Amino acid sequence: MRRNIITSDTRRREKIVGRYMQEIREIAKAGLSRRELLKMGLVMGAGGLAGLLGTRAFKPYWAHARDVFPFISPPNTPFQDALPIPPVMRPVTLNPEPTEHPNPHPAATERVPHGVAYVTGFTEADRPAHQRWEQFLPAEMYESIEQPVSNNFYPAVDGVPPSTVWTFVERSTGAIGPLRIKARYGEPVLHRVHNALPQENGGFGINKTSTHLHNGHTASESDGGPLHGYDAGQFKDYHYANARAGFASTHPETALNGRTVRGDVRETMSFLWFHDHEHDFTAQNTYKGLASFYTLASDDILLDTDDETTGLKLPSGEFDIPMLFMDKVFGPTTGQLFFDLFNLDGILGDKETVNGKIQPFLEVKRRKYRFRLLGGGPSRVREFFLSNGAPFIQISNDGNLLPRPIERKSIRLQVAERVDVIVDFSKARSGDRIYLQNRLEQISGRGPTGNIIAPTNLVEFRVAEDAPDCAFDVTKQLLALPDMNARIAQRRHWKFDRSGGAWSVNGVFFNEEISAFIRQNTAEIWTFESGGGWVHPAHPHMEEFQIRTRDGKPPPIYEIARKDMVGVGENVIGTRNSGEVEVFIQFRDWLGDYPMHCHNTVHEDHGMMILFKVVEAVQ
Amino acid sequence: MNRRHFWGGLAVGAFASAGVALIEPHSVPQEKKRFAEIPAAERRRNRFLNAVLRTHEGEEVRLYDDLIKDRTVLINFMYTNCIGEATCPLMTANLARVQRALGPRVGRDIFMYSITLDPEHDTPGVLKQYARAFEVQQGWLFLTGNKDTVEAVRRNLGFAYSDPVIDQDRTQHIGMVKYGIEPLERWAGCAALSKPETIVRNVFRMEPKRARAFG
């Protein structure tokens, strides 16, 4: 096939692709039947491709669209399937009992539901001993298995076969990911993760994994860093102290609402997630399904209690719904989940999935909901809107409560960023259909154009009957920010760059050496910098940070928050390049090696990551 | 809703084949029976152009059948007249260290390929001189070919930018080395200027059943 490569400027090319996408949207709007679309060649397949190239109206634009998507997924009928609600994992008793050092005993036989992988005899991967084991003996234990699962992203009506995905499966119940661990402050969690993935990968992915708890203030050996992966046939015990930062350093005890707890109450987190972080394969394995939710309740200080009758009285139970947004591509002739292995810029999909379904619906009652929104990558940035023009009440940034709620018409979310929003359906009428939409234009993995375009509907809310509402007060203060007056021990500058056509930090490509040794319990100022043309969502593990300045000025109000992600580069805010972000960050309580990387996982897997190591201060 | 299997699928045995069952024929209208599972061998083959290239020894080879199939490979692009950031000589020298570190497996089950971005200038003869200058050992081939073919191979292997202007600028070409264990369909990549021991470790880390160190 002759390729029609345009050598003009990018802007013109973007316009052409935009026109192409507009045309697709118009066809969809015109409501042509699938048969008609088939006739026009819009449904791919060998014949479809030929048909498309032979269809005059589309020919000029096809070459460009081909660069964006390797091919076009089979069409889907929207809003057929209900939004999957992530199953809450149930605490279990582990056999063998977890140990401070790698477990000397293999996994014992358990009665498991049909379809759950057989992991008897699996042994624990080598790892350093758990830090502060005696201090934080596990109160709740969970057990999951990474294994292949058959999942149909499409509704049955489309006739597309299910894809084989890799995901976390709860061993005792057979529940399938995305799962949800509901943890609580003051109750340390131990999560045993068995790797029962096959060598045969169906085209992409590797059966070696390292499960990272994103934003966890976690000891290095349980952090799930890129070099801590282990093989199929092994398990690992991840130990999460669920203690607030500062507990062994700056803030042994603090109090809120009359309750005294370990650590700084202002470091209380709410919404984390865990996903595979295996070196070189983070994008592939996460895209393949290894991602789940971890929510952290702070009922110990009567704050975010997971109970809408207490604390902040935030919507809870069935009214608290996490959503994992991942855009994907499916093979036109196989219907199978497809990953473009050789892409270097970043990967986009033409199908938007939420918790594993393309364009699902959610029946909602006429009251307030709490939605926890997570951009799962690999590379798409979204800007969320509600179709009825109603605002979101944003209560968190990166899953950490804001000082007070912010009303926003739209929210832009980088890869791996999280927000908790309150959406109020009480003013909608029963029978209304309201859509959660993305309106940010993005035509390459490099980053969004910044333009707000016609919407893509992600979730259809079907407003149903009345229900008693929660008493959450949107005018009330949520949680004050920690102060940033600690003595600054060091300043570091991290420049995200493309060097010689590869991804680098400070001109260095990821290697196993430590780029920064940091004294434990110190504070530093880090600057993240990126040139134009790209967006790099920066993410240091270990402790969250606060933005001091963005391009030398105070950040926008919604970024005056505790963050573990920050977008740096082109079109981060509006359509403007924001190339330099300075943050205040501390390294408290734990020791060991952690990564800092770009969370466009394609960039991360191709060098854009460094390791730092927190070491004991020598007196 | 059945919360346990809310994803609409049943967990399949961990070590079962990655294949999926098609939906029952009688439940699907005629026009929808167009999806077919691809056998792994076909999926692997379809991933690559099986283009004809020429080695620095003057031999005609096919990209997939002769070079990639059933092998562990490292692939990069370069050209002998690289003057932009002058990184090609550095990359080639670096990969020569990688070749030495990989040891006798190169040429046995691991193969290295450097494909020219300037096939009109880089004839097999020129590439042979270049290879000799870097003391390239057996198991590492420099490849050239018809201009359009080489361009198609470059795009096929993803040594391309989404920005078409930069993409056509040879002096800014992609300095990655991509490595894969083709029969296992494991593919990754890093900068060709990464530390040689990093590149070697990355390749070995993809191999199955290797005891991995932490640290």
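Going along each chain's sequence as written, the residues are numbered from 1 onward. Chain A is the first chain written and ligand 1 is the first ligand written, with later ones labelled in order. In keeping with the model being predicted, local features are shown solely for residues with a pLDDT of at least 70 and side-chain atom pairs are shown and tallied solely at 80 or more, while totals for entire chains, interfaces and linings include all residues.

### A short note on the overall build of chain A
Part 1 of the argument: Per the secondary structure count, chain A includes 7 helices and 38 strands.
Part 2 of the argument: Within chain A, counting contacts between residues at least 6 apart in sequence, those at least 24 apart form 76% of the total. In DSSP terms, a helix is any run of H or I states spanning at least four residues, a strand is any run of E spanning at least two, and both are numbered starting from the N terminus. Once C-beta atoms have been placed from the backbone, residue pairs whose C-beta atoms lie within 7 Å are recorded as contacts.

### Topic: the sheet that holds strand β6 (residues 176–181) of chain B
Residues and elements named next belong to chain B.
Part 1 of the argument: Strand pairing is defined by DSSP finding a minimum of two bridges between the two strands. Read from one edge to the other, the open sheet built from 7 strands follows the order β2-β1-β5-β4-β3-β6-β7, with strand pairing classed as mixed. In this open sheet, the two edge strands, each paired with only one partner strand, are β2 (60–62) and β7 (186–191). Direction aside, neighbouring strands of the sheet carry axes that sit 30° apart on average.
Part 2 of the argument: With 6 bridges joining them, β6 and β7 adopt antiparallel strand pairing. Bridge assignment links G180 to a residue of β7, and that residue is W187. Simply put, an axis is a line fit to the C-alpha atoms, just over the touching stretch for a helix, and the angle between two N-to-C directions goes from 0 to 180 degrees.

### Thoughts on the environment of A:T601
All names here are of chain A.
Part 1 of the argument: Mapped onto the fold, T601 is located in helix α7 (residues 601–604).
Part 2 of the argument: Separated by 317 residues in the primary sequence, T601 and Q284 place their C-alpha atoms 8.6 Å from one another.
Part 3 of the argument: Not counting chain neighbours up to four residues away, the residues in contact with T601 comprise T282, A283, T286, G377 and P378.

### Observations concerning the domain arrangement of chain A
All names here are of chain A.
Part 1 of the argument: Where each domain begins and ends follows an automated or database-derived domain assignment. Each assigned domain of chain A is listed here: domain 1 (1–68), domain 2 (123–314) and domain 3 (488–615).
Part 2 of the argument: The C-alpha-based centres of domain 2 and domain 3 are spaced at 23 Å.
Part 3 of the argument: Counting from both sides, the interface comprises 22 residues of domain 2 and, opposite them, 19 residues of domain 3.
Part 4 of the argument: Listed by contribution, the elements that provide at least two residues to the side of domain 2 that touches domain 3 are α5 (220–223) and α6 (282–287).

### A few points about the environment of B:Y161
Residue and element names in this part refer to chain B.
Part 1 of the argument: For Y161, the position within the fold is in the loop between α5 (147–156) and α6 (164–167).
Part 2 of the argument: Residues with at least 20 neighbouring C-beta atoms inside 10 Å of their own are called buried, those with 12 or fewer are called exposed, and the rest are partly exposed, where every C-beta is derived from the backbone. Judged by the 20 C-beta atoms lying within 10 Å of it, Y161 falls in the buried class.
Part 3 of the argument: Here the alpha-carbon distance between Y161 and I174, two residues 13 residues apart in the chain, equals 8.0 Å.

### A look at the packing of helix α3 (residues 87–102) of chain B against helix α7 (residues 196–205) of chain B
All names here are of chain B.
Part 1 of the argument: Packing of α3 against α7 brings their axes to within 9 Å, and their N-to-C directions diverge by 50°. In terms of orientation, α3 and α7 fall into the oblique class. Read as a crossing pair, α3 and α7 show a hand that is right-handed. On α7, the residues that touch N94, R97, V98, A101 and L102 of α3 are P196, E197, I199 and V200.
Part 2 of the argument: Of the residues belonging to the contact of α3 with α7, the class tally is 6 nonpolar, 1 polar and 2 charged. Each angle gets one of four labels, with under 35 degrees taken as roughly parallel, over 145 as roughly antiparallel, 65 to 115 as roughly perpendicular, and the rest as oblique. Left-handed describes a crossing in which the near helix is turned anticlockwise from the far one by less than a right angle; the clockwise case is right-handed. Residues are grouped as follows: Ala, Val, Leu, Ile, Met, Phe, Trp, Tyr, Cys and Pro are nonpolar; Asp, Glu, Lys and Arg are charged; every other residue, Gly included, is polar.

### A closer look at the pairing of strand β37 (residues 592–598) of chain A
Residue and element names in this part refer to chain A.
Part 1 of the argument: Where burial is concerned, most of β37 is hidden: 7 out of the 7 residues are buried.
Part 2 of the argument: In the sheet, strand β31 (residues 535–540) pairs with β37 via 3 bridges, with the strands oriented antiparallel. The partner of H539 across the bridge, within β37, is H597.
Part 3 of the argument: Where β37 and strand β38 (residues 609–615) come together, 6 bridges link them in antiparallel fashion. Note on β38: the bridge partner recorded for G592 is V614.

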